Amino acid sequence: MRFLNNMTLGQYVPVESLVHHLDPRCKIVGVLFCLVGVFMVKGPLGFLMWGLLFLLLVSASRVPARLVLSTVRPVWILVAFTAVIHLFFTRGEPLFSWGIVEITREGAVMAARMGLRLVLLVMYAGLLTLTTSPTELADGLESLFSPFRRFGFPAHELAMMMTIALRFIPTLLNETERIMKAQIARGAELERGGPLRRLRAFIPVLVPLFVIVFQRADDLATAMEARNYTGGEGRSRMHPLKWSVRDTTALLFSVIFSFAAVFLDGRALLP
Amino acid sequence: MSIDVKGLVHVYHPGTPLETKALDGVSFKAEKGSWVAVVGHTGSGKSTLAQHLNGLLLPTEGSVSVDGIEVRQGEGSLRKVRQKVGLVFQYPEQQLFEETVFKEVSFGPRNWGIPADTLKDRVEEALGLVGIGSDLYEANPFRLSGGQKRRVAIASVLSSGPDYLVLDEPTAGLDSPGRRQLLDLLSNLKALGRGIIHITHDMELALGLADMILVLDEGRSSLWGRPDIILGELIERDVRGLVIPDMVRFAGRLRDLGFEVPLTWEPPVLAEAIYRSQGR
Ligand SMILES: Nc1ncnc2c1ncn2[C@@H]1O[C@H](COP(=O)(O)OP(=O)(O)OP(=O)(O)O)[C@@H](O)[C@H]1O
Ligand SMILES: [Mg+2]
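Below is a short write-up of the structure. (Residues numbered from 1 in each chain as written. Chains lettered and ligands numbered in written order. Predicted model: local features only at pLDDT ≥ 70, side-chain atom pairs only at ≥ 80, totals over all residues. Heavy atoms only, no water.)

Details of the sheet that holds strand β9 (residues 212–217) of chain B
Through backbone hydrogen bonds, the strands of a sheet pair up, either in parallel or in antiparallel fashion.
Residues and elements named next belong to chain B.
Inference 1: The sheet built from 6 strands is open, its strands ordered β6-β7-β8-β3-β9-β10 with mixed pairing. In the strand order of this sheet, the two ends are held by β6 (85–88) and β10 (220–225), each with one partner. Between one strand axis and the next, the sheet turns through 15 degrees on average, direction left out of account.
Inference 2: Bridging between strand β7 (residues 164–168) and strand β8 (residues 195–199) involves 5 bridges; their strand directions are parallel. Bridged to Leu165 within β8 is Ile196.
Inference 3: Seen against the sheet, helix α8 (residues 227–236) touches β9 and β10 and runs at an angle of roughly 125 degrees to β10. (Pairing = 2+ DSSP bridges. Helix = DSSP H or I, 4+ residues; strand = E, 2+ residues; numbered from the N terminus. Axes fitted to C-alpha atoms, helices over the stretch in contact; angles between N-to-C directions. Contact = heavy atoms within 4.5 Å.)

Details of the pattern of salt bridges
Inference 1: Using the criterion set out here, one finds 24 salt bridges over all chains in the structure.
Inference 2: Notably, a salt bridge pairs B:Glu104 with A:Arg186, separated by 2.9 Å at the nearest N-O pair. Taken together, the residues B:Glu104 in helix α3 (residues 101–111) and A:Arg186 in the loop between α8 (155–185) and α9 (195–201) connect one chain to another.
Inference 3: Exposure remark for B:Glu104: the relative accessible area of 0% places this residue in the buried category.
Inference 4: One salt bridge connects B:Glu124 with B:Lys120, and the closest N-O pair in it is separated by 3.1 Å. Residue B:Glu124 and its partner B:Lys120 are both found in helix α4 (residues 116–129); the two are separated by 4 residues, about one turn of the helix.
Inference 5: Given a relative accessible area of 28%, B:Glu124 falls into the partly exposed group.
Inference 6: Here the residues in one salt-bridge network are B:Lys32, B:Asp67, B:Lys84 and B:Asp163, joined through shared partners. (Salt bridge = Lys/Arg side-chain N within 4 Å of Asp/Glu carboxyl O. Buried < 20%, exposed > 50% of the residue type's maximum accessible area, 1.4 Å probe, protein only.)

Structure, rendered in structure tokens:
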């Protein structure tokens, strides 16, 4: 019986590295540029450039390669599906055909392009969450969105919600496991039968879980109020974000690299 | 008829950075119709041990068997064992989910496929044992008081008719009448021939009620024996996280001062001994 034991959420890998020490805002914006850049390249040169940069970043981040690869695991079905769709359903010059199945040159190219693109997108985004703690990520987002506060955008509240949600995921997994065990001890069979039966079997887990969640939320609200939490206004930080020369350099580099990759890739594809 | 635990080792998350050896070679035997208390400091592995007794966790090494059925994956062995061994988790009232007390208590028997004609008797018997009257059968479990919820939760385990009952800190958070009632219930169940495995950190309770005591220390069974033997050991040497009951310390001091009294944890026994040693 595995329960939820093997679930690792919040995949932050706390090691010391150049990438880890960058300001979260720099990493968020930098990654956005990279994602757009990855999305805009079409040919082998572009993908090669993005692939090499990624290898460089991974080695600089000192995150084990196994963990970096594991970021793709949740989406590999999507990647495979997209690639297969493009492989079989793109019209063009036939490479070979087999009954009604026909594979075209254009199809093979599109499949490779879409597959690579998705994998790179996920891995770049994954590298961000591997090297940035959830708190830093929330702080970074809050700071980036704070200019929009003037238009009524709740930057602080959203960041606080994100932090709290991330903080409580492990706790809730523990509670879920405990309740599942308690119901299994009373003879519940959570893993048998079709989807409908399984769903029904989960009611004895879900109801107590909801009760606990609401209780926790209530307790947390009380605890925050007791500590005088009144929202984002005038709130100071324990670890204020510090933008340094390193961050400017890194951000400039990612912007320039993105433009260069897209430009060189486009030129290489010209006839 | 007994639960036999031999050389039980349990490792959480083996092969990962989170690897923890929670149990390290635990052996003991819980007979039907007897009361075994499991005591130990926080994190000594009591709850982990409890979950092995009905197969919610499986041994990394060693074995657990219930009335001769080995607890292991497959062949329906787990379900058989779970029906024989009822497990009451800490704060069991958190697992309530049904709309009425009656439905809640019939959840277990229905899962075990107990026929409808005996179901009603089972449920009423279980609720009767914990002292919940028929006026509450249709009540919403979430509206009951804390103590009542606890009793309904325990009834919902009893209604499956387990031969053994494992309870993880069942008295935590109850007031003293509630505690008394619960302990009386466990004594009754023992008299009815069920085996009780009572996890607690209250040494006084363990000494006063158990037939056998298992002391866990860092996942190892550091002591296993009758209460008087365990008490002797406790006085001889320090066991982490366990305190000698006040009454025993009191008796010990009286002995030092020359009174002929037994080392006992029961106030009336001590009182009588003092009275007699005065020669009146
Ligand atoms: N699900 C789990 N995953 C990983 N480690 C665990 C898990 N449950 C318990 N442990 C570890 O196993 C050890 C024993 O825990 P256990 O809960 O069995 O102790 P306990 O004696 O019941 O403690 P307490 O008196 O606090 O309830 C502890 O070190 C604990 O951190
Ligand atoms: Mg415990």
